[in-house]
Amino acid sequence: MTVIYEKVALIGLGLIASSLAHAMKRGGLADEIVGTTRSKETRDIATSLGFCDRIEETAIAAVKDADLVILCVPVGAMAKIAAEIAPHLKVGATVSDVGSVKQAIIDAVSPHIPEGVHFVPAHPLAGTEHSGPASGFAELFDNRWCIMTPLPNQSLDAANQLEQFWRGVGSNVERMDPAHHDLVLAVTSHAPHLIAYTMVGVADDLERVTEKEVINFSAAGFRDFTRIAASDPTMWRDVFLNNKEATLEILGRFTEELFDLQRAIRRGDGDQLHEYFTRTRAIRRDILEAGQDTKEANFGRE
Ligand code: NAP
């Protein structure tokens, strides 16, 4: 139990913030956790769940005297909150975020950060398709990666302290250039989500989903797509609007490969298909070996 920040303020109280609060409590990382969010309904749920020591009605009240402020709202909402809290931040405080894209947040938030306050962006590569304050749990970040994209003009001490914090909630930490982060995530998360949304949309367009066939006979492939495609619409809208270039680059490459495989199927080129699937299978093995997913059949589902 090592206190890393005396007072931590969480702005937004959904999956990520509530998981952070649970993990902070588990590790004894903060003396006080203060939370706030825009809706009374979510504040009431968070109060009843008790993962924060105090819930405030406004972000301004929540950040008062906070040593660490973490923005846990959708990417498109970060700048407005940064502008609102800026005059009320303690000198020497660190502001961070958990947004799924980095360069757009840096561009939008940095101008609001006052002199004497450190801004250290971060992104935990951990999540589920559930959202809201009741979906959080202390183990969410265990053995998952948190990518920090500290800015060259910002304090190294502040970045080191934040790294200690993320390690304290169970994460492995890597530092990266923000543009590189956005490209990596376009490959590993953003484009796959769009593909899942599209596949489920195609099934829906066939108007079979409601006719039970797709539901009852959903094999592992489609079922896994539907899990991903159930992710929060606001969060994902903002991800695509704010990681445009990298996502479009990866989707361009995806489309080319898809056409290539399509041609192999049309030509009956089994060798090409087999070779391709053998290569992709190895990636799954590497992910398992890195401890980033379960070896259990069917992803460990009962
Ligand atoms: P969530 O469970 O949907 O919670 C979102 C929170 O943000 C709620 O407290 C909500 O407030 C608030 N909010 C929504 N729109 C807002 C707006 N326009 N202005 C102010 N507050 C707003 O979301 P989450 O999954 O925790 O995601 C939060 C952040 O973490 C996002 O930036 C996301 O990109 C990032 N992230 C998510 C995942 C994931 O898998 N979910 C993983 C890594 C990073 P009310 O409830 O009061 O309406």
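All of these numbers come straight from a predicted model, not from anything done at the bench.

Calculation notes
- Residues numbered from 1 in each chain as written.
- Predicted model: local features only at pLDDT ≥ 70, side-chain atom pairs only at ≥ 80, totals over all residues.
- Heavy atoms only, no water.
- Pairing = 2+ DSSP bridges.
- Helix = DSSP H or I, 4+ residues; strand = E, 2+ residues; numbered from the N terminus.
- Contact = heavy atoms within 4.5 Å.
- Axes fitted to C-alpha atoms, helices over the stretch in contact; angles between N-to-C directions.
- Buried < 20%, exposed > 50% of the residue type's maximum accessible area, 1.4 Å probe, protein only.
- Right-handed = clockwise from strand over helix to strand, strands pointing away.
- Domains from an automatic or database assignment.
- Buried area = accessible area lost by both parts, 1.4 Å probe.
- Salt bridge = Lys/Arg side-chain N within 4 Å of Asp/Glu carboxyl O.
- Polar contact = N/O pair within 3.5 Å; in protein donor to acceptor, adjacent residues only side chain to side chain.
- Nonpolar A, V, L, I, M, F, W, Y, C, P; charged D, E, K, R; others polar.
- Expected span 1.5 Å × (residues − 1).

Our next topic: the sheet that holds strand β2 (residues 30–36). Across the sheet, 6 strands lie side by side as β3-β2-β1-β4-β5-β6; this open sheet has parallel pairing. Each edge of the open sheet carries a strand with a single partner, namely β3 (54–56) and β6 (118–119). Relative to β2, strand β1 (residues 5–11) is paired through 6 bridges, and the arrangement is parallel. Of the residues in β2, the one forming a bridge with V8 is I33. Helix α4 (residues 78–85) contacts β1, β4 (68–71) and β5 (94–97) of the sheet and is inclined by roughly 150° relative to β4.

Next up on the list: the environment of K80. Residue position: K80 is located in helix α4. Put simply, K80 and A108 are 28 residues apart on the chain and 8.8 Å apart in space, counted from C-alpha to C-alpha.

Here we come to the pairing of β5. By the alternation rule, side chains of β5 split into T94 and S96 and V95 and D97, which are all buried. With 4 bridges joining them, β4 and β5 adopt parallel strand pairing. Looking across to β5, one finds that L71 is bridged to D97. Read from β4 through α4 to β5, the crossover connection turns out right-handed.

The next thing to look at is the environment of V75. In this structure, V75 sits in the loop between β4 and α4. When its relative accessible area of 9% is taken as the criterion, V75 is described as buried. Spatially, the C-alpha atom of V75 lies 5.6 Å from that of G99, the residues being 24 residues apart in sequence. V75 has contacts with G99, S100, V101, I105, D238 and N242, leaving out every residue within four places of it along the chain.

Looking at the protein, the domain boundaries give domain 1 (5–176) and domain 2 (180–268). Placing the centre of domain 1 and that of domain 2 at their C-alpha centroids yields a distance of 29 Å. With 16 residues of domain 1 at the interface, the matching set in domain 2 holds 16 residues. Between domain 1 and domain 2, the buried area comes to about 1,200 Å², and carbon and sulfur atoms account for 66% of it. When the area that domain 1 buries against domain 2 is broken down by residue, the three leading residues are S100, E129 and M176, summing to 40%. Run the count over domain 1 and domain 2 and you get 1 salt bridge. Note that R227 is salt-bridged to E129, the shortest N-O span being 3.5 Å. Applying the counting rule to domain 1 against domain 2 returns 6 residue pairs in polar contact (both at pLDDT 80 or more). In terms of residue class, the side of domain 1 that touches domain 2 is built from 8 nonpolar, 6 polar and 2 charged.

Before going further, it helps to spend a moment on helix α1 (residues 15–27). Note that an α-helix has 3.6 residues per turn; residues three or four places apart therefore point the same way. Here α1 spans 18 Å end to end across 13 residues, near enough to the 18 Å set by a 1.5 Å rise per residue. In terms of residue burial, α1 counts as a mostly covered element, since 10 of its 13 residues are buried. Every buried residue belonging to α1 is among L15, I16, A17, S18, S19, L20, A21, A23, M24 and G27, and all of these are buried. Those residues of α1 that are buried lie in contact with β1, β2, β4, β7 (122–124) and α6 (156–168). A positive backbone phi angle near 60° is found at G28, which sits one or two residues after α1.

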